[in-house]
Amino acid sequence: MHRYILKRLVQLIPVILGVVLIIFLIMDLTPGDPARMVLGNMASEEAIAAFREEQGLNDPLPIRYLRYVFDMLRGSLGTSYRSSRPVIDELLARFPATMQLASASIIFALVISVPIGIVSALKQNSLFDTVGMVAALLGIAMPAFWLGLILIISFSLKLDWLPSSGSGSFKHLILPAVANGVSCAANIARITRSSMLEIIRQDYIRTAKSKGIGKMKVVLKHAMGNCWIPVITVAGLQFGTMLGGTVIIENVFAWNGVGDFLLKSISAKDTPCVLGGIVMFTVVFSVVNLLVDIVYAFIDPRIKAQYQ
Amino acid sequence: MAHEIPELKVENLVVEYVTEDAVVHAVNDVSFEVPKGSTMGLVGETGAGKTTTALSIMKLLPDPPAKLVSGKIEFAGEDIVPYSEKQMDALRGSTVSMVFQDPMTSLNPVLTVGDQIAEVIRRHQRVSKLEARTKAKEMLELVGISGDRAGEYPHQFSGGMKQRVIIAIALACNPKILIADEPTTALDVTIQAQVLSMMRDIKQKFDTAMILITHDLGVVADICDTVAIMYAGRIIEYGKIEEIFDDFKHPYTEGLFGSLPNLQKRHEKLKPIKGLMPDPSDLPTGCYFHPRCKYATAECAKRQPKKTYLSDTHYVECLAYEEGTGVKIEGGDIK
């Protein structure tokens, strides 16, 4: 198990190097001079030249790439062009907010979707199943920003129950978490239903029924025990994506997270911040995936046996 | 001895699978009795309704589409057909147990085998968690697996051992009725022999009434006291083991025995029964076997045979044995 985790962490290194290279190329190919963007149109040619020299922008791409990689190894992701603060500090300042939002969203999603998925599967083709699955389809189809706006209009403007923007309290968390969690919940509900449908037809479920332990226990202990793998897979992917910052939701709710920061950095062509943000996203996403794989081992002893 | 109440009695059982396009007549008027300590073999081709009969006794038919249309299923004289799920759950695993067909898929892969055995003990006996675990280990020992392995998962066991675990689960609460649905079909021959001798020992030890579902006549000869030959959802011949093996009467039973390889005449070709089992959603008129029967006459397509008792224990459903039908069996192996 330890060896497996170590191996996975080592595999992360080429992934990060590749991602950095791709971002470097893309940022280089997009139009716009960072010096001009940062200093503004009124800046003199000398000032721009000095900025370019100071930031090492005149060096060829391979040199800049290698310099970035070596800095990264020393734990530095460069300094922001805009604020002149270390990128790592900028990101770390915003990551907790994103983490909080992503966690709240995924918990909300799991709490509503798993029961819906289970009941839909057990009562396949019933009214509950039909309504539940149509709702899930709507949940997936509905754009999150639109849902966010609807939620703001209803619960903030009309009813005045919850704040429309900002972060800090639990009340601030509810609307963005719901807006963010709905499509996620819809996905998880559908996957829970379909894997549950498959599992309740398995022979071992019949064996469990033949013990006379009652339907509840058959479902909760025997069926759910086997249902977690696909559910955790989907939930993990969604959680990883959300940790990269849910750009639009953070924007709509003025949530000061990584996603919002990344969006602003891209429009300002603040390359070090964009790069740093994406490196962080890559690492976080990979770590979440690794955690999901580790959780598998605790759910399914057959997978655990493979890791040894 | 007067008429003793049998441990299990099935009377005129009719089960159908109702789908949108068709009604599948899986079990058509099946009756039998299994007294305490005796074993009945239920023999027939795939699709003859053996498993459906077994699942009806457990009341574990997949509903929908399955429907228990009519009939009685009595455990020690008590009809369980009207029982609620809750009443059934009190019996399942304690009074009546089932060993399922495929050991590879019949155990829950994410629970330890010890847990899976202890679960049924905890359900039906007033014991602590620890006692249940100890009992589970004893059950493992009983089926010839070291009790130390109770903490292992099904994937760590071979097919034969999994089948033993399933048998341990079925026997954990000393059931009065045990249904074994092809317990050895998925196992190789040497393991088959081990599992069978183990089942025989256990049956004797606990005096269980057992139904053994199989299409292997060798297995039947090994442990059964009575045999029911099933075809298209009907028991077409029933009798004590000697009566069936030495003195079978039905042309289908003849076909079954005829299709066995003969060890003395190895060069001889196998004699399969021609044709296929009828589609249970579109059963033939008259005798269900007549389209494949080499003795069939026009009468066989018209009239459904009734039970003809050849002795107190041996009956056959074939017009050739009924009075005044004019149907005769000539030139076959049937004595």
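Below: a short report on this structure. These numbers were taken from a predicted model, which means no experiment stands behind them.

### Thoughts on the overall build of chain B
Each helix and strand in chain B was counted, giving nine helices and twelve strands. If you line up chain B on its principal axes, its C-alpha atoms span 70 × 50 × 50 Å. The buried share of chain B, taken over its 335 residues, is 53%. Taking contacts inside chain B between residues at least 6 apart in sequence as the whole, the part at least 24 apart equals 64%. Accessible area of chain B: about 15,400 Å², with a carbon and sulfur share of 52%. Positive and negative charge centroids in chain B, built from 38 and 47 side chains respectively, lie 2 Å apart.

### Looking at unusual backbone geometry
Its identity is not glycine, yet Ala254(A) carries a phi of approximately 50°, on the positive side. Mapped onto the elements of the fold, Ala254(A) is located in the loop between α11 (247-252) and α12 (258-267). A positive phi is found at Ala76(B), a non-glycine position, where the angle reads about 50°. Residue placement: Ala76(B) occurs in the loop between β4 (66-75) and β5 (78-79). Accessibility expressed as a relative area gives 45% for Ala76(B), which makes it partly exposed.

### Comments concerning a nonpolar patch on the surface
Residues and elements named next belong to chain A. Taken together, the side chains of Phe 145, Trp 146, Leu 149, Ile 150, Ile 153, Leu 157 and Ile 248 define a hydrophobic patch exposed on the protein surface, amounting to about 660 Å² of accessible area. Among the elements that take part in the nonpolar patch, helix α7 (residues 144-158) stands out by supplying six residues, more than any other. Tracing the backbone shows Trp 146 in helix α7. Its relative accessible area of 41% is what places Trp 146 among the partly exposed residues.

### Thoughts on the interface of chain A and chain B
With 21 residues of chain A at the interface, the matching set in chain B holds 23 residues. Area buried by chain A at its contact with chain B is led by Arg206(A), Ser210(A) and Lys211(A), which between them contribute 31% of it. Joining chain A to chain B, the criterion identifies two salt bridges. For Lys211(A), the salt bridge goes to Glu119(B), with nearest N and O atoms at 2.8 Å. Summed over the shared surface of chain A and chain B, the number is twelve residue pairs in polar contact (both at pLDDT 80 or more). Mapped by element, the contributors of at least two residues to the side of chain A that touches chain B are α9 (203-209), α10 (215-243) and α14 (301-307) of chain A. Of the residues in the side of chain A that touches chain B, the class split is five nonpolar, seven polar and nine charged.

### Some points on the nonpolar core
Core analysis: the largest hydrophobic core is formed by 98 residues, its most contacted members being Leu8(B), Phe32(B), Ile57(B), Phe75(B), Ile117(B), Ile179(B) and Ile211(B). If you tally residues by element for this core, the top one is helix α5 (residues 159-171) of chain B, at seven residues. In contact with Ile179(B), not counting residues within four places along its chain, are Ala54(B), Ile57(B), Met58(B), Val96(B), Ser97(B), Met98(B), Val99(B), Ile211(B) and Ile213(B). Core analysis: the next-biggest nonpolar cluster, separate from the first, contains 63 residues, Tyr4(A), Ile16(A), Val114(A) and Val279(A) among them.

Each value, and the rule that gives it
Residues numbered from 1 in each chain as written. Chains lettered and ligands numbered in written order. Predicted model: local features only at pLDDT ≥ 70, side-chain atom pairs only at ≥ 80, totals over all residues. Heavy atoms only, no water. Helix = DSSP H or I, 4+ residues; strand = E, 2+ residues; numbered from the N terminus. Buried < 20%, exposed > 50% of the residue type's maximum accessible area, 1.4 Å probe, protein only. Contact = heavy atoms within 4.5 Å. Areas by Shrake-Rupley, 256 points an atom, 1.4 Å probe, with all protein chains shown as cover. Lys, Arg positive; Asp, Glu negative; His and termini not counted. Charge placed at Lys NZ, Arg CZ, Asp CG, Glu CD. Patch = residues over 30% accessible without salt bridge, like charges linked within 9 Å, V, L, I, M, F, W, Y side chains within 5 Å. Salt bridge = Lys/Arg side-chain N within 4 Å of Asp/Glu carboxyl O. Buried area = accessible area lost by both parts, 1.4 Å probe. Polar contact = N/O pair within 3.5 Å; in protein donor to acceptor, adjacent residues only side chain to side chain. Nonpolar A, V, L, I, M, F, W, Y, C, P; charged D, E, K, R; others polar. Core = buried A, V, L, I, M, F, W, Y, C linked by side-chain atoms within 4.5 Å.

Such coordinate-based values are descriptive only and should not be taken to indicate function.
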